[in-house]
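The lines below spell out each chain.
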Amino acid sequence: FAHNDCPGWDKITHSEFHGLIWLKRHTSPDTLLMTNRLYTSASNLMGNPVHNSRFSRYFYYSSFSERQFFLEGYHYWIPKETVRKKLRIVQKVFDPTNPKPSTLLRKNRINYLLVSTFISPHFAPDDGLKLVFESRDLKIFQVIQNEDL
């Protein structure tokens, strides 16, 4: 999907829902997740997402998986400096020039990475990420801990 062709910014697709239920059934409640699906509008992908945070209200992933996310819904309660720091980390993880996103994920104690395929259709995982779920709109990678590499 291109940004304009996404299934709906303020919605969840059937295939995303199945991935979130998979997480709920196959992970422990203390699992920490990261995703690139943070916004209810494409407009936050441009400009300054910290100051233009009104669209950073996307809660579907945590609601249906019943798991905590590294950054989600920051419009409501997260201090701007924390948002800046966490957004930089999310952006680095999803930066196509980053050859080892799993290193940053492990450093921040992230257990699973959820990749919205209409936001990052060409996300390239490294050998520290294991694909555990895949659907049309969502890929879920488990972050392999150092001792497992």
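All figures in this text were calculated on a predicted structure; none of them were measured in a lab.

Structural notes on the environment of valine 93
Okay, so step 1: Relative to the elements of secondary structure, valine 93 occurs in helix H4 (residues 80-93).
Okay, so step 2: For valine 93, a relative accessible area of 1% puts it in the buried group.
Okay, so step 3: Taking C-alpha positions, valine 93 is 9.6 Å from threonine 35, a pair spaced 58 residues apart along the chain.

A short note on the nonpolar core
Okay, so step 1: Among the nonpolar cores identified, the biggest contains 20 residues, and Met34, Phe94, Leu105 and Leu113 are the most heavily contacted of them.
Okay, so step 2: Where this core is concerned, the elements lending two or more residues are strand E1 (32-35), H4, helix H5 (101-107), strand E3 (112-116) and strand E5 (138-143).
Okay, so step 3: When residues in this core are grouped by element, the largest group, 5 residues, is from H4.
Okay, so step 4: Those residues within four positions of leucine 113 in sequence are excluded, and the remaining contacts are Met34, Val93, Phe94, Leu105, Phe123, Leu129, Lys139, Ile140 and Phe141.
Okay, so step 5: Residues Trp22, Phe69, Leu114 and Leu138 belong to the second largest nonpolar core, which totals 11 residues.

A short note on the pattern of salt bridges
Pairing of side chains with opposite charge becomes possible as their charged atoms draw close.
Okay, so step 1: Going through the model one piece at a time under the given rule, you end up with 6 salt bridges.
Okay, so step 2: We note a salt bridge from glutamate 16 to arginine 37, for which the minimum N-O separation is 2.9 Å. Separated by 21 residues along the polypeptide, glutamate 16 in helix H1 (residues 14-26) and arginine 37 in the loop between E1 and helix H2 (60-65) bring together distant segments of the chain.
Okay, so step 3: On the basis of relative accessible area, glutamate 16 is assigned to the buried category, the value being 0%.
Okay, so step 4: The salt bridge involving glutamate 81 is made with arginine 84; its shortest N-O contact spans 3.5 Å. Of this pair, glutamate 81 and arginine 84 both sit in helix H4, separated by 3 residues, roughly a single helical turn.
Okay, so step 5: Exposure remark for glutamate 81: the relative accessible area of 49% places this residue in the partly exposed category.

A short note on the sheet that holds E3
Okay, so step 1: Pairing is mixed in the open sheet, where 5 strands are placed in the order E2-E1-E3-E5-E4. Both edges of this open sheet fall to strand E2 (68-69) and strand E4 (129-134), since each of them pairs with a single strand only.
Okay, so step 2: Here E3 runs beside E5; their pairing, made up of 5 bridges, is antiparallel. Note on E5: the bridge partner recorded for leucine 113 is phenylalanine 141.

Quick word on the confidence of the model for the chain
Okay, so step 1: Confidence along the chain averages 80 in pLDDT terms, with 72% of residues attaining 70 or more.
Okay, so step 2: Note that residues 1-5 has pLDDT below 50 and, in this model, 9 contacts with residues that lie over four places away or in other chains.

Considerations on H1
Okay, so step 1: With 13 residues, H1 should reach 18 Å at 1.5 Å per residue; the first-to-last C-alpha distance of 18 Å fits that figure.
Okay, so step 2: For H1, the full list of buried residues reads Ser15, Glu16, Gly19, Leu20, Ile21, Trp22 and Leu23.
Okay, so step 3: Next to the buried residues of H1 lie E1, H2, E3, E4 and E5.

Here is what the cut-offs are and how they apply
Residues numbered from 1 in each chain as written. Predicted model: local features only at pLDDT ≥ 70, side-chain atom pairs only at ≥ 80, totals over all residues. Heavy atoms only, no water. Helix = DSSP H or I, 4+ residues; strand = E, 2+ residues; numbered from the N terminus. Buried < 20%, exposed > 50% of the residue type's maximum accessible area, 1.4 Å probe, protein only. Core = buried A, V, L, I, M, F, W, Y, C linked by side-chain atoms within 4.5 Å. Contact = heavy atoms within 4.5 Å. Salt bridge = Lys/Arg side-chain N within 4 Å of Asp/Glu carboxyl O. Pairing = 2+ DSSP bridges. pLDDT = per-residue confidence, 0-100. Expected span 1.5 Å × (residues − 1).

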